[in-house]
Amino acid sequence: MIERRKTREVRIGNIGVGGSQDIRVQSMTSCHTWDLEKTLDQVRRLEAAECEMIRVTVNDKNALEALPEIKKHMSVPLIADIHFNYRMALGAVEVADKIRVNPGNIGGYDRLKEVVNKCKDKGVAMRIGVNAGSLEKEFLDKYGWPTPEAMVESALRHVEYCEGLGYKDMVVSLKSSDVQTAVKSCQLFSKQCDYPIHLGITEAGKGNYAMVKSSVGIGALLLQGIGDTIRCSMVGDPVQEVPVIWDMLKCLGIRIRDPEIVACPSCGRIEIDLDKLITDVETRLKGVKTPVKISVLGCVVNGPGEAREADIGVAGGKGVGYLYRRGVQVRRVNESEIVDAVVDELKNWDANGNFIGEDAGESHHSGKSQAAKKQEGLFSILNG
Ligand code: SF4
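Each value, and the rule that gives it
Residues take numbers from 1 onward in each chain, read along the sequence in its written order. Reporting of local features is limited, given that this is a predicted model, to residues whose pLDDT is at least 70; pairs of side-chain atoms are given and counted only at 80 or more, and all residues count toward the totals for whole chains, interfaces and linings. As a rule here, side-chain values cover all heavy atoms of the structure and leave hydrogens and water aside. Nonpolar core, defined: a set of buried Ala, Val, Leu, Ile, Met, Phe, Trp, Tyr and Cys residues in which side-chain atoms within 4.5 Å join the residues together. Only protein chains enter the accessibility calculation, which uses a 1.4 Å probe; a residue whose area is less than 20% of its type maximum is buried, one above 50% is exposed, and one in between is partly exposed. Helix numbering and strand numbering both begin at the N terminus, where a helix is a DSSP run of H or I of at least 4 residues and a strand a DSSP run of E of at least 2. Any pair of residues with heavy atoms lying within 4.5 Å of one another is described as a contacting pair. Here the bounds of each domain stem from an automatic or database domain assignment. Any Lys or Arg side-chain nitrogen located within 4 Å of an Asp or Glu carboxyl oxygen qualifies as a salt bridge. Strand pairing is defined by DSSP finding a minimum of two bridges between the two strands. The handedness rule is simple: strands pointing away from the viewer, and a clockwise path from the first strand over the helix to the second, make the crossover right-handed. Any two cysteine sulfur atoms within 2.5 Å of one another count as a disulfide. We call a residue near a molecule or strand when any one of its heavy atoms sits within 4 Å of it. Each residue gets one of three labels, nonpolar for Ala, Val, Leu, Ile, Met, Phe, Trp, Tyr, Cys and Pro, charged for Asp, Glu, Lys and Arg, and polar for the others, Gly among them. A fitted line through C-alpha atoms represents every axis, and for helices the fit uses only the stretch in contact; the resulting angles, taken between N-to-C directions, go from 0 to 180 degrees.

### Looking at the nonpolar core
Residues Ile82, Ile99, Met126, Phe189 and Leu199 are the most contacted members of the largest nonpolar core, which totals 77 residues. Considering each element in turn, this core owes the most residues, 7 residues, to helix α6 (residues 148-164). Apart from the residues lying within four places of it in its own chain, the contact partners of Leu199 are Lys175, Cys186, Ile218, Leu221, Leu222, Ile226, Gly227, Thr229, Ile230 and Arg231.

This is how it looks when you write it as structure tokens:
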């Protein structure tokens, strides 16, 4: 069980980040913000993928002028990303639910003060986004390199400055394209400060490598209970980032919004076409939100054991599948009927992952103790 680090809650539009709130999923549009057609298309698709906050860059006057129209079409909070030009931040605060500023390039404390005071007046949250690639010269001179200590000192300096102005609606990020630096920075910061942390491995790259790099870094922090919102940086369509974050949260058991499928890689013992079976199960379960664990294994070596740990389990035999419900074998079906059997079984589970079938009481209270007996039975059937 992961024990989540206690942070204060910050309101961002209609949702909370930190405290007892769920870890939030966010992303950022990748097109020119002024291009309303493209921006709104990405926003619509990000929302459909269950992205809970969306950031757009506000890098010039045209982008700033597009914000009200973008906001009008959004049902999730809008975040404005600002670099270099504090006037863009002042304008964005009129519309956005949160702004992201980079203390290394906003132009000094006088400008930051104006932005903070306006955020305070408007009730708008702010992310202090420290980035290894744009750390202030002062800290680079002191540490010689954007070390975790340098990044944390920069973040803390800005947090204290904003607090000195009576402003506390802050989220903090400490990002680096180097996984170890990012992880160490967040660990150090979380020991010294209770503001919510936005997790991300910046400039993680493209495709599989980006997914692995982000998952390693973000996963290491999530396992330590660190992190209140996540962005998974990937080259290309931002919509691809969202399922990666959801899968990180799902495989750590932090937030589960759809079935988790456990499957063996298969080997020389395989008796059924597992690859096709998993593909078919995934296709049939697209859009299904029931948060249950479904294990589908190729043979009896691990099949019954995994089935004991899953809500719904399938152990493959010679041209057949043995269907389990929380460790209890409930059916034996031909291989061609396995997918239908799994889909049918799902009808017995509610939206919270509770069994609601006719024998719900028996399954809940005695399922695991019966499992061993049933397993023995299965072995004798298959071996005998
Ligand atoms: S469950 Fe069976 S088929 Fe799958 S990898 Fe293990 S031994 Fe091989």
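Let us keep going from here.
### Thoughts on the domain arrangement of the chain
Under the domain assignment used here, the chain contains domain 1 (10-251) and domain 2 (260-383). Between domain 1 and domain 2, the C-alpha centre-to-centre distance is 41 Å.

### Topic: the side chain of Gln42
On the secondary structure map, Gln42 appears in helix α1 (residues 36-48). Given a relative accessible area of 9%, Gln42 falls into the buried group. When residues no more than four places from it in sequence are discounted, the contact partners of Gln42 are Thr29, Ser30, Cys31, Pro238 and Val239.

### Remarks on the pattern of salt bridges
As enumerated under the stated definition, the model contains 30 salt bridges in all. Asp81 is paired through a salt bridge with Arg55; the nearest N and O atoms lie 2.6 Å apart. Taken together, the residues span a long stretch of sequence, with Asp81 in strand β5 (residues 78-82) and Arg55 in strand β4 (residues 53-57) at a distance of 26 residues. Of the two residues examined, Asp81 and Arg55, each falls in the buried class.

### Some words on the pairing of β4
Counted residue by residue, β4 has 4 buried out of 5 residues, so it is predominantly covered. Across 3 bridges, the pairing between strand β3 (residues 24-28) and β4 is parallel. Residue pairing for β4: Met28 is matched across the bridge by Arg55. Read as a crossover between parallel neighbours, the route from β3 over α1 to β4 is right-handed.

### A look at the state of the cysteines
Tallied over the full model, the rule gives 0 disulfides. Unpaired in terms of disulfides, Cys51 finds its nearest cysteine sulfur in Cys232, a separation of 11 Å.

### Some points on the site of the ligand
The ligand sits among Cys264, Ser266, Cys267, Arg269, Ile270, Leu297, Gly298, Cys299, Val301 and Asn302. Its residues assigned to classes, the shell around the ligand comprises 6 nonpolar, 3 polar and 1 charged.

### Some thoughts on the sheet that holds β3
What the 8 strands build is a closed barrel, ordered β3-β4-β5-β6-β7-β8-β9-β10; its pairing is parallel. Each neighbouring strand pair of the sheet contributes to a mean axis angle of 25 degrees, computed without reference to strand direction. Across 3 bridges, β3 lies against strand β10 (residues 229-231) in parallel orientation. Bridge pairing in β10 places Val25 opposite Ile230. Lying on the sheet, helix α7 (residues 179-192) is in contact with β8 (170-175) and β9 (197-199); it crosses β8 at an angle near 145 degrees.

### Section: unusual backbone geometry
The phi angle at Glu50 is positive, at roughly 75 degrees, despite the residue not being glycine. With respect to the secondary-structure elements, Glu50 resides in the loop between α1 and β4. The exposure class assigned to Glu50 is partly exposed, which follows from its relative accessible area of 28%. A positive phi is found at Phe84, a non-glycine position, where the angle reads about 70 degrees. According to the relative accessible area criterion, Phe84 is exposed, its value standing at 63%.

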